[in-house]
Amino acid sequence: MQIKINHAVNYICLVVLLCGILSCYKGVHTFGKTKIDKSADSLYLKRRIAEIKGLNTDVFTKGSFKGTADTPIVYRLLKPNNTKSKLPLVIVFHGSNAIGNDNASQLGILAKLFAMSEMQAKYPSFILAPQFPSRSSNYVLDESRKVLTSIPQPCLKTALQLIDSLKNTLNIDEKRIYLIGFSMGASSVINALSLKPGLFAAGISISGIPQFDHVKTLTNIPIWLIHGNIDTENPFNSDEQFFKEINQNNKTRFWEFDNLAHNDIFAPALLTDELPKWLFKNKRK
């Protein structure tokens, strides 16, 4: 009985903390730029990250896909319990630390966050987490802007072919296909939106490097940029410049996290339902 009570108390404390954090972000706009202070609630952050990482990966089935190029990839796929009606597809691109073919390392915080039971209850969706065998995006200096820009690599194109394949076999709502990624994966989000702008309803790029040669196209797609302003691994100034250039049609959201570095970006505000809530508001025409 005591164990049950302790679990109940811990759950109530977590809910209270979560509600408090959400209330702090009520004034954050759907589009435009917002600067967010670094959270001091390290206790909640540790608990929440541990809870998300503790998700049993067995909820994801394993698969592999070759496509037309000689760059086969493996992937994990979560299928919702009820797929009688068409449901959104969320594609999660991983960072460079998960490159490989073990078909496990790509299941990081983002993939598990969207797969958690409370998220699936509110936002039921297919979750696709491909694993890239090599870099999906590379970076070069944009000489005119003096910031880094990203270039898509062959394995990203294989992932796009995988998405097209799944559209033919799963009950996917093709007007609600979404992208989200961190670091290299965030860069690949922008690359994928550039390569196939008519496929996706919206994308979230967390600490990535954008692509500048399709700015006019990208202004018409809802994009949420998230970046810490002391990030030196993927410098903040690339996203800052990108936002200035694509923020024309009121379809770009930019969260600048103050005093957060590259690997500290998963602040409490991103571990609520804010990410799926924003994505699912968008629907391709």
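Throughout what follows, the structure given in this document is the object of discussion. Per chain, residues are indexed from 1 in the order of the written sequence. Where local features are concerned, this predicted model is filtered to residues with pLDDT of at least 70; where side-chain atom pairs are given and counted, the filter is 80 or more; whole-chain, interface and lining totals use all residues. Side-chain measures were taken over the full set of non-hydrogen atoms in the model, leaving aside hydrogen atoms and water.

A positive phi is found at S183, a non-glycine position, where the angle reads about 60°. Note on conventions: DSSP H or I runs of at least 4 residues are helices, E runs of at least 2 residues are strands, and numbering of each starts at the N terminus. Relative to the helices and strands, S183 is located in the loop between strand 8 (172-182) and helix 6 (184-195). Type-normalised accessible area, obtained with a 1.4 Å probe on protein chains alone, sets the label of each residue: buried when under 20%, exposed when over 50%, and partly exposed for intermediate values. Owing to a relative accessible area of 5%, S183 belongs among the buried residues under this scheme. In this structure, S207 takes a positive phi of about 60° despite not being glycine.

As a further point, take helix 5 (residues 154-167). One less than the residue count of a helix, multiplied by 1.5 Å, gives the span that helix is expected to have. Over its 14 residues, helix 5 extends 21 Å from the first C-alpha to the last, a length consistent with the 20 Å expected when each residue adds 1.5 Å. Buried within helix 5 we find C155, L156, T158, A159, L160, L162, I163 and L166.

It is worth spelling out the environment of I109 at this point. Among the structural elements, I109 can be located in helix 3 (residues 109-115). Relative accessible area serves as the criterion here: at 15%, I109 is assigned to the buried category. Along the chain, I109 and F182 lie 73 residues apart, while their C-alpha atoms are 9.6 Å from each other. In this structure, I109 is in contact with I49, I52, K53, F266 and L271, ignoring residues within four places of it in sequence. Here a residue-residue contact requires only that any non-hydrogen atoms of the pair lie within 4.5 Å.

Moving on: the packing of helix 5 against helix 6. Relative orientation of the contacting elements helix 5 and helix 6 amounts to 65°, with a least axis distance of 11 Å. Where helix 5 crosses over helix 6, the two elements pack in a sense that is right-handed. Contact with helix 5, carried on its side by L156, K157 and L160, involves S188, N191, A192 and L195 of helix 6 and no other residues of that element. Here the contact of helix 5 with helix 6 is composed, by residue class, of four nonpolar, two polar and one charged. Throughout, an axis means a line fitted to C-alpha atoms (over the contacting stretch in the case of helices), and angles, computed between N-to-C directions, take values from 0 to 180 degrees. Here a crossing is called left-handed whenever its near helix is offset anticlockwise from the far helix by less than a right angle, and right-handed whenever the offset is clockwise. We call Asp, Glu, Lys and Arg charged. Ala, Val, Leu, Ile, Met, Phe, Trp, Tyr, Cys and Pro are nonpolar, and the rest, Gly among them, are polar.

Bringing helix 6 into the picture now. Relative to the 16 Å expected for 12 residues at 1.5 Å per residue, helix 6 spans 16 Å between its end C-alpha atoms, a close match to the ideal helical length. The buried count for helix 6 comes to 11 of 12 residues, which makes it a mostly enclosed element. What helix 6 keeps buried is the set M184, G185, A186, S187, S188, V189, I190, N191, A192, L193 and S194.

What follows covers the sheet that holds strand 5 (residues 126-131). Taken in spatial order, the nine strands of this open sheet run 1-11-10-9-8-4-5-3-2, and their pairing is mixed. Each edge of the open sheet carries a strand with a single partner, namely strand 1 (32-36) and strand 2 (61-65). Across the sheet, the mean angle separating the axes of adjacent strands is 20° when strand polarity is ignored. The strands touched by helix 5 within the sheet are strand 2, strand 3 (73-78), strand 4 (87-93), strand 5 and strand 8, with strand 3 carrying the most contacts at an inclination of about 40°. When DSSP finds at least two bridges between two strands, those strands are taken to pair.

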